[in-house]
Amino acid sequence: PAFASAAGNADSPERDAQLVYCLDPVHRADLLTAAVRLGLLKANATVSPEQWAKDKGDDFGRACAALMAAESDSPGTAAQAKGANEDSWFMGLVKQFPLLLLGALLPLAGQSYERVSSQRRELRQELGARESAYRMAVREYLTAYEEDERADYSAVRAARDALAVALSRVPGPAVRRAAAEELAEGLPLAEPLPHSGGQYLLDTATRTHDAAEVHASVIARLQALPRLNRGLMYWGWRTVRTRPDHAGPVAAAGASGGGE
């Protein structure tokens, strides 16, 4: 949050870091994906990231800060590049030595299994870190809101945006991506709580009641998060289960409930 706040200054080192990082060709696509996820751009919008940064500096800063936060704990690409090189080397070897195919398949299967397991662990760690940050920001904000209706909301926005971007990276199958998208869009506290009811400021008792309700909704919403870390067999079963009645993947994933 402090970085996002400081980056709002067009002449700050933080904003310079955002421009260098998010306008890099490697990160442009992720920047636009983050902007769409946060509702700052439409999915079919055609816009130059540089021009968008100039015209909508605050929106650019928010999307870039969320992207940088989401990627701060993300795994690097070295392992993936290594895996691709190994696969390429393996295919060349098979073409030259067909008799080695059977012996090479066994270690390849082991590497594939380890890579999938590693990706699942990394996803679980990233989502867990973003969830914890969001929970803490919500708790601190609601506690402060009970005492002051104008409590600082910026930490909640930053943590919620980072969690939403992390959820946008949840891999397939489609039913799991749909469940992650539905969860991200429904995260509570998209905006600060109201500080007045009509013409009058809300009293402490009303704010305390509202804060308790919001906190309960946050806890209930985040209960769906651990299901995203389940294996491909579970999500394959969820996909098959949705086919007979042609139900939507989001509804089917949400209906799995805590009893499964």
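One can find the structure itself at the top, above this paragraph.
What you are looking at is a predicted structure, and each value in this text was computed from that prediction instead of being measured.

## What to know about helix H11 (residues 232-242)
Step number 1: Those residues of H11 that sit buried are Tyr234, Trp235, Arg238 and Thr242. Taken down its axis, H11 places every buried residue within 90° of arc, on the same side. For H11, the exposed residues set more than 90 degrees away from the buried face come down to Leu232 and Met233.

## Details of the pattern of salt bridges
Step number 1: For the structure on display, the rule yields six salt bridges.
Step number 2: With its nearest N and O atoms 2.7 Å apart, the salt bridge here joins Asp161 to Arg62. Of this pair, Asp161 sits in helix H8 (residues 154-167) while Arg62 sits in helix H5 (residues 57-71), and the two are 99 residues apart along the sequence.
Step number 3: The class of Asp161 is buried, set by a relative accessible area of 3%.

## Notes on the packing of aromatic side chains
Step number 1: Under the criterion given, the structure shown has four aromatic pairs.
Step number 2: Ring plane angle 75° and centroid distance 5.6 Å describe the contact between Tyr141 and Tyr153, whose orientation is recorded as edge-to-face. Of the two residues, Tyr141 is situated in helix H7 (residues 101-147) and Tyr153 in the loop between H7 and H8; the sequence distance between them amounts to 12 residues.
Step number 3: Plain terms: the ring middles of Tyr234 and Trp237 are 6.2 Å apart, the flat faces sit at 45° to each other, and that makes the pair tilted. Here Tyr234 pairs with Trp237, and both are found in helix H11, just three residues apart, close to one helical turn.
Step number 4: Accessibility expressed as a relative area gives 14% for Tyr234, which makes it buried.
Step number 5: An aromatic cluster is present here, built from Tyr141, Tyr145 and Tyr153 joined pairwise through their rings.
Step number 6: Residue placement shows Arg230 over the ring face of Tyr234; its charged tip is 4.5 Å from the ring centre.

What counts, and where the lines are drawn
- Residues numbered from 1 in each chain as written.
- Predicted model: local features only at pLDDT ≥ 70, side-chain atom pairs only at ≥ 80, totals over all residues.
- Heavy atoms only, no water.
- Buried < 20%, exposed > 50% of the residue type's maximum accessible area, 1.4 Å probe, protein only.
- Helix = DSSP H or I, 4+ residues; strand = E, 2+ residues; numbered from the N terminus.
- Arc of directions from axis to C-beta.
- Salt bridge = Lys/Arg side-chain N within 4 Å of Asp/Glu carboxyl O.
- Phe/Tyr/Trp six-rings, centres within 6.5 Å; stacked < 30°, edge-to-face > 60°.
- Lys NZ or Arg CZ within 6 Å of the ring centre and 35° of its normal.

Spatial relationships are all this shows, so hold off on functional conclusions.
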